[in-house]
Amino acid sequence: DWAIPDFITRPLEVAVLGQSLCILYETPNGNAVHCLAQLGAESTPIPPLSNPVNLRMDNAGVKCVEDLGATVCWGGEYNGQSKVPADLGPVSAFATGDSHTCAIASGKVRCWGNNGNGQLNVPDDLIAPSAISAGANHTCVQDSGQIRCWGGLTARLDLLNPDAFNPKLLASRDDFMCVAGVEQDNRTLCISATSRFVSPPLPDTSAIAIQ
């Protein structure tokens with residue numbers, strides 16, 4: 001059971017891992033984040049935030065949000081994944097893996113944290129990265145009509161309609177990356193380093209999440 005405070009009346013996003021729960025919620029003065037543990041308040045302090053959006057939590061307990069165009073992270077730092085580079089610049093999208101964090105900032109992909117599987121080795125031939133996702137030890141982006149991945153997963157997939165690509169159709173978790181609507185309408189293609197499969201026809205592929 002989670003003791004959700006009464007002041008959280010308009011929750012927007014939730015991130016949960018083990019006994020840690022963070023809630024992004026709306027207030028009269030903008031968005032805010034509140035984190036809990038099942039036995040009481042979260043011990044890791046939340047840094048000052050102005051109007052956070054896009055809440056994420058990795059498997060090491062690092063929490064990140066986008067706040068006024070910048071990525072802000074806090075929590076476990078044993079791989080440095082919550083130490084956002086000071087020169088990162090304005091952020092348009094970001095993703096958290098198990099022990100690394102990546103962001104699209106000023107049109108380029110920057111990654112930091114653990115690089116044991118090359119998940120920080122951003123390809124130098126990316127042209128215009130947009131959507132981004134991160135799994136246990138890989139990172140994937142949508143770049144000029146293709147899905148590009150590196151780290152523990154390498155993939156290059158041509159999109160059928162890159163101009164209409166929805167960032168919600170790309171997701172990663174553990175060793176998998178999934179993207180909706182690539183091979184057939186209303187189907188989702190998922191790949192790992194050793195396998196590839198397509199989902200049955202789905203009633204709605206307007207968003208995708210890997211559980």
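The structure we're discussing is the one just above.
Okay, so let's go over this structure. These numbers come from a predicted model, not from an experiment.

## What to know about the pattern of salt bridges
Two side chains carrying opposite charge are able to pair once their charged atoms lie near each other.
Consideration 1: Taken as a whole and judged by the stated rule, the model has three salt bridges.
Consideration 2: Here R10 and E26 are joined by a salt bridge, their closest N and O atoms 3.2 Å apart. Note that R10 is positioned in the segment before strand 1 (11-17) and E26 in strand 2 (residues 20-27), a separation of 16 residues in sequence.
Consideration 3: Residue classification places E26 among the partly exposed positions, given a relative accessible area of 32%.
Consideration 4: Note that R110 is salt-bridged to D87, the shortest N-O span being 3.1 Å. Of this pair, R110 sits in strand 10 (residues 108-113) while D87 sits in the loop between strand 7 (70-74) and strand 8 (91-96); the two residues are 23 residues apart in sequence, bridging distant segments of the chain.
Consideration 5: Assessed through its relative accessible area of 31%, R110 is described here as partly exposed.

## Quick look at the environment of G75
Consideration 1: Here G75 lies in the loop between strand 7 and strand 8.
Consideration 2: In the structure, G75 is positioned 31 residues away from T44 in sequence and 6.0 Å away in space, judged by C-alpha atoms.
Consideration 3: Residue contacts for G75: discarding those within four places in its chain leaves T44, G61, V62 and S82.

Rules used throughout
- Residues numbered from 1 in each chain as written.
- Predicted model: local features only at pLDDT ≥ 70, side-chain atom pairs only at ≥ 80, totals over all residues.
- Heavy atoms only, no water.
- Salt bridge = Lys/Arg side-chain N within 4 Å of Asp/Glu carboxyl O.
- Helix = DSSP H or I, 4+ residues; strand = E, 2+ residues; numbered from the N terminus.
- Buried < 20%, exposed > 50% of the residue type's maximum accessible area, 1.4 Å probe, protein only.
- Contact = heavy atoms within 4.5 Å.

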